[in-house]
Amino acid sequence: MTVYQWFVFFLLIQIVHFLGTWKLYEAAGRKRWEAAIPVYNAIVLMKITNRPTWWTILLFVPVVNLIMFPVVWVETLRSFGKNSTFDTVLGIATLGFYIYYINYTQPLNYISDRSLIPQNKTADTISSILFAIVVATIVHGYVIQPYNIPTSSLEKSLLVGDFLFVSKFHYGARTPMTPIAAPMVHDTIPFINKKSYLSWPQLPYFRFFAMQEVNRTDIVVFNWPADTLYNMYKVADKRYDKPIDKKTNYVKRCVGIPGDSLSIKDGIVYINGKVMPMPERAKPQYSYSVTTDGSGFDPTYILKELNITDPVYIDERTPNTFYFRALTEESANRLKQNPIVKSVVRNISHEVEPTIFPQTKNWNVDNLGPIYIPQKGKTVALTAESLPFYKTIISEYEKNDLKVNGTEIRINGQIATNYTFKQDYYWMMGDNRHNSLDSRYWGYVPENHIVGKPVFIWMSLDPNGKGFGKIRWDRVFTTVSGDGQPQSYFKYFLIALALYFGISFFINKRKEKNS
C-alpha cells in the first residue's frame, strides 16, 4: 500500500471508530466530536477507561497494536458495566463491533471509578502475559533480536551454533512492513510450520534515526532479497512473493557500499581499484588442494589441530591429494610446514559459472566485475548490456513497470535511456568464499532489506559436542565486532549476577528485621 492508500485507510478507521463510540463518549461526559479526531480520540478513550495515556502510543505500533486493540475493546466494555465473560468473548470475536450494539441499543451506564484490579487469578495471569508479550514484541522489533548462525559462511568470525543479539538501533530500527503477523516469530509459526502473517495490508517502508551507517566490513543481518520460499522449513515447489520483512534472515559481511566499484580478482575483493582491507577478526577462507608424499597424512587430526569444521575430500584420481573446503591463509601456511606436505595450492576458479550475477557475463566466484553498487539519487545509463545489472532493482525493489522490446527499454510506459535509484544498495559476501550463497549469486541488497547489526554472542554451542563440552565457553558473552581477538565477559556477568543477588538478599533481610 502507498502512503496515500494508508492515509485513506486510516481515515476510514477513524470514521468506523466515531460511528461506533460517539454515544459512549457522551455518556462518559465527553464531547461527541472528541470521538472523531484522530489520535486525540484515542487519548480521550484512555481517560474514559482509566488507563494510562501512554497506551495510545501502543495502538500505533505495528504488530503490538494487534494485541492492544482487543485489550482496549474489553476495557471499553468494562467501563460501561459489561464485565461478563460473554461480553468479553463477543467484544473480541466481533473485532470490536459488539461495541456498536452497546452504543446504539443498550443503556449506557458509565463507571468512572471502576476498579482496575483483575477480578480473579485467571484475569490477572492473562493481563500479565499480555503485558509481557507487548514488552517482548517492542524489544524484539525495535531494540534487539536474538539470532542463530545456521551456516559456515562467516566461519572463524561467526561459527555455526553461535547465538547472537542483533541490534536494531545501530542502523535505525525498521518499522514492520507486515502489520498483521504473529509477534516474535518470523515467517513461520514454530511446530505447526504455518505462515505467520497476512501479506495484505503492507505498511510503507520507514526507518528510525540510525546510530551509524552500514560500513564496509560490517557484519550485517538482512532479509534475503532472492527469497521466494513459502517458509523456512519447506523445499520450494513454486515461487512465493513474500513481504520484505518476512523474507529469510541472512547474515553476511558488507564488502561494498553505495557508490563503490567492486571487483574480485583471483578471490581477492577490490574496492575502487584497491584491495579491500579486512578487520583483524575477519578470517577469509578459500578451498585448497593439499598434496602429500603419501606417508600417512591424517586429515582428521589436522582438522582438529587447525579448528576446521568444514570437511576434507580425497581426490580419487590422485589419492595423495586432499581437498580442504575452507582454510584461512594462516592455516594453509601451517600445513605447508608439515614435512610430508608437498604443496598447498589455493583453488581459484577460471571456469565460467552461468549462475553468477548478473547471469550474462563470463564470470565466476573468484573473478568478476567491475560492478557498480547503486547509490540513492545517482543516475546510470540503461543499455542492453547494463540492464541485467539493474533489472531487478527497477522492476521488483523499486516497483516500476519495466518492459523491454529488442533494444527499446520502457519504464512506466516511457522510453528510458537512464535510471535514477530511489534507495541505497549493498554487496554482501561470506568470509568462507567458496562456501557462501551471497551477492555473487543474487546481486544487490536494498537498504529496506537491512535488519540490524550483530553485536553480542550470548551463547555458542558446538554441533558436534556433547554435554557441557558442547558449550564453547571462550565464545560465551563475547562481542562480534571490535579490535583484537574476542574476549569473553562471562565471568564478569557471573560476578555482577552474584552481587545483585547478594545485595537483594541483604536488603530483604534488613527489611524483615525492621518490620
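Whatever comes next refers back to the structure up there.
The structure contained in this document is the topic of the report that follows. (Residues numbered from 1 in each chain as written. Predicted model: local features only at pLDDT ≥ 70, side-chain atom pairs only at ≥ 80, totals over all residues. Heavy atoms only, no water.)

This part covers the sheet that holds strand S7 (residues 261–265). Judged by pairing direction, the sheet is antiparallel, and its 4 strands sit side by side in the order S9-S8-S7-S14 without closing on themselves. Whereas interior strands pair on both sides, the edge strands pair on one side only; in this sheet they are strand S9 (274–275) and strand S14 (368–372). Strand direction decides the pairing type here: strand S8 (residues 268–271) and S9, joined by 2 bridges, are antiparallel. Pairing of Tyr270 across the sheet is with Val275, part of S9. (Pairing = 2+ DSSP bridges. Helix = DSSP H or I, 4+ residues; strand = E, 2+ residues; numbered from the N terminus.)

Before going further, it helps to examine the sheet that holds strand S17 (residues 408–411). Read from one edge of the open sheet, 3 strands run S16-S17-S18, paired in antiparallel fashion. Looking at strand neighbours, the two that pair on one side only are strand S16 (402–405) and strand S18 (414–415), the edges of this open sheet. Relative to S18, S17 runs antiparallel, the two being bridged by 2 bridges. The residue of S18 that forms the bridge with Arg410 is Ile415.

Here we come to the pattern of salt bridges. All told, the structure shown has 15 salt bridges when counted by the stated rule. One network of salt bridges, in which partners are shared, links Asp162, Asp462, Arg472 and Arg475. (Salt bridge = Lys/Arg side-chain N within 4 Å of Asp/Glu carboxyl O.)

Of note, the amide linkage connecting Trp200 to Pro201 takes the cis form, showing an omega dihedral of 0°. Position of Pro201 among the secondary structure elements: in the loop between strand S4 (194–195) and strand S5 (219–223). The peptide bond linking Gly369 to Pro370 adopts the cis configuration, its omega dihedral lying at 10°. On the secondary structure map, Pro370 appears in strand S14. Phi is positive for Leu95, which is not a glycine, with a value near 55°. Note that Leu95 resides in the loop between helix H5 (85–93) and helix H6 (98–105). By relative accessible area, Leu95 is classed as exposed at 58%. In this structure, Lys399 is a non-glycine residue whose phi angle is positive, near 55°. Its place among the elements puts Lys399 in the loop between helix H10 (387–397) and S16. (Buried < 20%, exposed > 50% of the residue type's maximum accessible area, 1.4 Å probe, protein only.)

Going residue by residue along S8, you find Val269 and Ile271 tucked away on one face and Ile268 and Tyr270 left uncovered on the opposite face. Bridge analysis of S7 against S8 gives 4 bridges, and the strand direction is antiparallel. Bridging from a neighbouring strand, Ser263 pairs with Tyr270 of S8. The turn joining S7 and S8, which pair antiparallel and follow one another in sequence, is formed by 2 residues; a positive phi near 50° is taken by Asp266. Linking two consecutive strands that pair antiparallel, namely S8 and S9, is a turn of 2 residues; a positive phi of about 55° is found at Asn272 within it.

Attention now moves to helix H4 (residues 64–79). Taking 1.5 Å per residue as the helical rise, H4 with its 16 residues ought to reach 22 Å, and the 23 Å between its terminal C-alpha atoms agrees with that figure. Across the 16 residues that make up H4, a large majority, 13, are buried. Gly81 lies just past H4 and shows a positive phi near 85°. (Expected span 1.5 Å × (residues − 1).)

Residues Tyr4, Phe7, Val8, Leu11, Leu12, Ile15, Leu19 and Tyr104 make up a contiguous nonpolar surface patch of about 770 Å² in total accessible area. Tracing the backbone shows Leu19 in helix H1 (residues 3–27). (Patch = residues over 30% accessible without salt bridge, like charges linked within 9 Å, V, L, I, M, F, W, Y side chains within 5 Å. Areas by Shrake-Rupley, 256 points an atom, 1.4 Å probe, with all protein chains shown as cover.)

This part covers the side chain of Ser79. Position of Ser79 relative to the elements: it lies in helix H4. At 3.1 Å, the side chain of Ser79 forms a polar contact with the side chain of Arg114. If we ignore the near neighbours within four places in the chain, the residues touching Ser79 are Ile48, Thr49, Asn109, Tyr110, Ile111 and Arg114. (Polar contact = N/O pair within 3.5 Å; in protein donor to acceptor, adjacent residues only side chain to side chain. Contact = heavy atoms within 4.5 Å.)

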